[in-house]
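These are the residues of each chain, in order.
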Amino acid sequence: MPARSNLHVKKIAVNRDSVVLDTASIVPNTFKIVDVDSSSYRLDFVKAILYWKQKPSVDSVSISYRTFPFKLNSVVQRLSYDSVINNVYLKPFEFKQDNEVQKGLLDFGNIQANGSLGRELSFGNNQDAVVNSNFQLQLNG
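The structure displayed is predicted, hence computed values, not measured ones. (Residues numbered from 1 in each chain as written. Predicted model: local features only at pLDDT ≥ 70, side-chain atom pairs only at ≥ 80, totals over all residues. Heavy atoms only, no water.)

### Some details on the side chain of Asp44
Part 1 of the reasoning: Relative to the helices and strands, Asp44 is located in strand β4 (residues 41–44).
Part 2 of the reasoning: A distance of 3.3 Å separates the side chain of Asp44 from the backbone nitrogen of Val46, its partner in a polar contact.
Part 3 of the reasoning: Once residues lying within four places of it in the same chain are set aside, the contact partners of Asp44 are Ile49 and Tyr51. (Helix = DSSP H or I, 4+ residues; strand = E, 2+ residues; numbered from the N terminus. Polar contact = N/O pair within 3.5 Å; in protein donor to acceptor, adjacent residues only side chain to side chain. Contact = heavy atoms within 4.5 Å.)

Right, here's the structure in full:
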């Protein structure tokens, strides 16, 4: 199997103001356009986009360049926020708008509920920590 090269030789049309050349980033100082002055275009090496300052008189040009094996400004993340929020077991509590009636954190219908939730974190002098929680709930109806 022959070795893959990162050298690309293409013929591109000159009908638009900008052209996306590749999905990978271009190695600087390797980009060349045959018979076109370098002052008539601008190249974004990272995004691999060619911007024409002054279009040549021909309808297509031949280009050559080398690419990195990856895109330099690619977004890398393990999980997107959308995938995490859709896989949460319990939906978080959302407060209502001002014009909507809010029934509280827990909705029991016609049953009246009162109560409190408390958390306490204590540190001792022997570097031990104690977490206390209390929950009081009173239901009427």
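### Section: the pairing of strand β6 (residues 60–66)
Part 1 of the reasoning: With burial as the criterion, only one face of β6 is covered, namely that bearing Val61, Ile63 and Tyr65; the residues Ser60, Ser62, Ser64 and Arg66 on the opposite face remain uncovered.
Part 2 of the reasoning: Inspection of the sheet shows strand β1 (residues 7–13) paired to β6 by 7 bridges, in the antiparallel sense. Counted as the bridge partner of Leu7 is Arg66 from β6.
Part 3 of the reasoning: Here 2 bridges tie strand β3 (residues 32–33) to β6, and the two strands are oriented antiparallel to one another. Each residue of the ladder has a partner; that of Ile33, found in β6, is Ile63. (Buried < 20%, exposed > 50% of the residue type's maximum accessible area, 1.4 Å probe, protein only. Pairing = 2+ DSSP bridges.)

### Looking at the side chain of Asp22
Part 1 of the reasoning: In this fold, Asp22 is placed in the loop between β2 (18–20) and β3.
Part 2 of the reasoning: For Asp22, which is buried and forms no salt bridge, the nearest opposite charge comes from Lys10, at a distance of 4.3 Å.
Part 3 of the reasoning: Only 3.1 Å separates the side chain of Asp22 from the side chain of Tyr65, close enough to count as a polar contact.
Part 4 of the reasoning: Contact partners of Asp22, with chain neighbours within four places excluded, come to His8, Lys10, Lys47, Ala48, Tyr65 and Thr67. (Lys, Arg positive; Asp, Glu negative; His and termini not counted. Salt bridge = Lys/Arg side-chain N within 4 Å of Asp/Glu carboxyl O.)

### Here's the deal with the sheet that holds β3
Part 1 of the reasoning: Read across the open sheet, the 3 strands follow the order β1-β6-β3; overall the sheet is antiparallel. Lying at the two open borders of the sheet, with one neighbouring strand each, are β1 and β3.

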